[in-house]
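Structure at a glance
These are the residues of each chain, in order.
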Amino acid sequence: MKKILTLVGVALLLTAPLAHAQLGSSSGTTTVTVAPVAEAALNITNGSTPLTSAGTNFTNYTGSTSLTYYIRTTLSGGSGSITLKVTTDFSPANGPSVTTPPSTGDKLAYTCTLSGAGTACSGSQTASTSSSTSVATFGADAHTVTFPGGDTATTAWTLTNDPKYKTGSYSAVVTFTISAS
Amino acid sequence: MAQFEMTRSKPGTFVALRVRAKRILIVSEQGRYQFGSLDMRTFLSGPRSLSGVMSPLERVGRLIARLAPLVVWGALLLAPIRLRAATLTTTQTLKAVISPLGGLFSLPLSPVTLAKTGTAFNNYTGSLAINYRERTTQSTGGGTITVQATADFTPANGPSIASPPSTGDKLTYTCSGATLGTNCSGTQTVSTTAATNVVTFSASECTGGGGSCSTASTNSVTVNFTLTNDPKYKTGSYSATLTVTISAS
């Protein structure tokens, strides 16, 4: 009988915590995790970039395009870039052209400036319809400095003012691309 | 050869023999008889007693004497059965003290993963389901579910609640679908120094049973987190601990 009573007592003691667990607890914890990876984004500030000629006759057309960008490259071994490419040549015909300019030496060129992370393109770059050209480059563990808002890049354009261009209005489309790894 | 002498007891009882034989014949006055196995000894133990010959009777007596307590105990044990069978009315006062109580019944065992969807540098989002039970005091009671970051993101150089790399970085949340109580209002910001509201309970709210209580046996609420995706976070994996607390009064 004593053994039975002892067993019953032990059983009650063992089941007591179970009953308590069923009541729930007044607090609990959870872990929140996040795993940032390399990524990049940009936003062109001016939707269109007029190229104008100022000063003396046949001074080249100039203008600038600004963009903001966000970038995060991988801590070790990462890299990134901003490039541009003329995805649609000037139209209509008989004006300037990136692919088939009316005169040898006619070109759409640009220089770069950055305010923030990365290294701006070096010197004057010539835009192309066939390949992307650099605006900025980023090494490993690169991060946008200005947040929120984003870092700023500017391309200053120069288009040859060839007398062969017929008067009129001509437009081309330039696509900027940012990447990060 | 047997030696014997006869002794007479009360009428109707046995007649005993003083014997010297291994087996004797015992005859009653009613004509009943039986053989008995006896030693070579006298069985008379007293005047008119028939100790040797009355041995079976003694056994019966002893048996009765042994069974008597059992019969008494049996009667006592069976007494309630008889009572139950009868119509009987009794009253019993039951008193339960119902106290305000809140309990968290489940938080996900796996971490709440904040992930980015859509375009680059969209904020990280994730949700946390909380199951709870609550009972608040009538008229004057109330209660809350709150959340607080009890451990900031680690390791360093990632997101941080206490000291984010950029002004405006934050871990915020909205509350939706509370099946008991009122969802937190608008967007709340998680803090390491203060608990912030998830659900507010008013007086006389209770879980389960229907009526004035909720119909569900367990209530739930979803907390939808948003973490700023700051480009300054170095790539890697970062974790923080949130403590959810429920209270009732």
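Residues numbered from 1 in each chain as written. Chains lettered and ligands numbered in written order. Predicted model: local features only at pLDDT ≥ 70, side-chain atom pairs only at ≥ 80, totals over all residues.

1. Topic: the overall build of chain A
Helix and strand counts for chain A come out as one helix and 11 strands. Counting helices and strands in the order they occur from the N terminus, chain A gives α-β-β-β-β-β-β-β-β-β-β-β. (Helix = DSSP H or I, 4+ residues; strand = E, 2+ residues; numbered from the N terminus.)

2. A look at the overall build of chain B
Along chain B, the regular secondary structure elements total one helix and 14 strands. By residue count, 28% of the 249 residues in chain B fall in the buried class. Sequence-distant contacts in chain B: of pairs separated by 6 or more residues, those separated by 24 or more amount to 65%. (Buried ≥ 20, exposed ≤ 12 C-beta atoms within 10 Å, placed from the backbone. Contact = placed C-beta atoms within 7 Å.)

3. Thoughts on the sheet that holds strand E11 (residues 171-180) of chain A
Residues and elements named next belong to chain A. Ordered in space as E7-E9-E5-E11, the four strands form an open sheet in which the pairing is antiparallel. Each end of this open sheet is capped by a strand with a single partner; those strands are strand E7 (119-120) and E11. Where strand E5 (residues 80-91) and strand E9 (residues 133-138) come together, five bridges link them in antiparallel fashion. Across the sheet, residue Ser81 finds its bridge partner in E9, namely Thr137. (Pairing = 2+ DSSP bridges.)

4. Notes on the confidence of the model for chain A
Residues and elements named next belong to chain A. The predicted model of chain A has a mean per-residue pLDDT of 89, with 87% of residues at 70 or higher. When mean pLDDT is taken per element in chain A, E9 scores highest with 98 and helix H1 (residues 2-22) scores lowest with 44. This stretch, residues 8-22, has a pLDDT under 50; its non-local contacts, to residues over four places away or in other chains, come to zero contacts. (pLDDT = per-residue confidence, 0-100.)

5. As for the interface of chain B and chain A
With 41 residues of chain B at the contact, the number on the chain A side is 29 residues. Those elements that provide at least two residues to the side of chain B that touches chain A are strand E5 (101-106), strand E6 (112-116), strand E7 (124-135), strand E13 (219-227) and strand E14 (238-248) of chain B. Ranked by the residues each element gives to the side of chain B that touches chain A, the list is headed by E14(B), at 10 residues. A per-class count over the side of chain B that touches chain A returns 21 nonpolar, 16 polar and four charged. (Nonpolar A, V, L, I, M, F, W, Y, C, P; charged D, E, K, R; others polar.)

6. Digging into unusual backbone geometry
Across residues other than glycine, the phi torsion is negative in most instances, and most of the peptide bonds are trans. A cis amide bond, omega 0°, links Ser91(A) with the succeeding residue Pro92(A). One can find Pro92(A) in the loop between E5 and strand E6 (108-115). Omega for the peptide link from Phe147(A) to Pro148(A) comes to 0°, which places this bond in the cis form. At Asp141(A), a residue that is not glycine, the phi angle is positive and equals roughly 55°. For Asp141(A), a count of 16 C-beta atoms within 10 Å gives the class partly exposed. Phi is positive for Ser139(B), which is not a glycine, with a value near 70°. The topology assignment puts Ser139(B) in the loop between E7 and strand E8 (143-154).

7. Quick look at the nonpolar core
In this structure, Val223(B) and Phe225(B) are the most contacted members of the largest nonpolar core, which totals 35 residues. Considering every element that reaches this core, the biggest residue donor is E14(B), with six residues. Sequence-distant contacts of Val223(B), defined by excluding residues within four places in its chain, comprise Ser127(B), Leu128(B), Ile130(B), Val147(B), Tyr173(B), Cys175(B) and Val198(B). Listed in part, the 28 residues of the second largest apolar core include Leu42(A), Leu84(A), Cys112(A) and Ala153(A). (Core = buried A, V, L, I, M, F, W, Y, C linked by C-beta atoms within 7 Å.)

8. As for the pairing of E6(A)
Residues and elements named next belong to chain A. Where E6 lies against strand E10 (residues 151-159), eight bridges are found, and the strand directions are antiparallel. Following the sheet pairing, Thr111 is matched in E10 by Ala156. Where E6 meets strand E8 (residues 125-126), two bridges bridge the pair, whose relative direction is antiparallel. Of the residues in E8, the one forming a bridge with Ala109 is Thr126.

9. Structural notes on the environment of Thr30(A)
Looking at where Thr30(A) falls in the secondary structure, it is placed in strand E1 (residues 27-34). Overall, Thr30(A) belongs to the buried group, with 20 C-beta atoms counted inside 10 Å. Taking the C-alpha atoms as reference points, Thr30(A) and Gly168(A), separated by 138 residues in sequence, lie 66 Å from one another. Excluding residues within four positions of it along the chain, Thr30(A) makes contact with Leu107(B), Pro108(B), Val112(B), Leu128(B), Leu242(B) and Val244(B).

10. Some words on the pairing of E9(A)
Across two bridges, E7(A) lies against E9(A) in antiparallel orientation. Paired with Thr119(A) across the two strands is Thr137(A), which belongs to E9(A).

11. Remarks on the confidence of the model for chain B
Residue and element names in this part refer to chain B. Of all residues in chain B, 67% have pLDDT values of 70 or greater, and the mean over the chain is 78. Note that residues 1-22 has pLDDT below 50 and, in this model, 45 contacts with residues that lie over four places away or in other chains. Ignoring residues within four places in sequence, the model shows residues 37-54, a span with pLDDT below 50, making 31 contacts including any to other chains.

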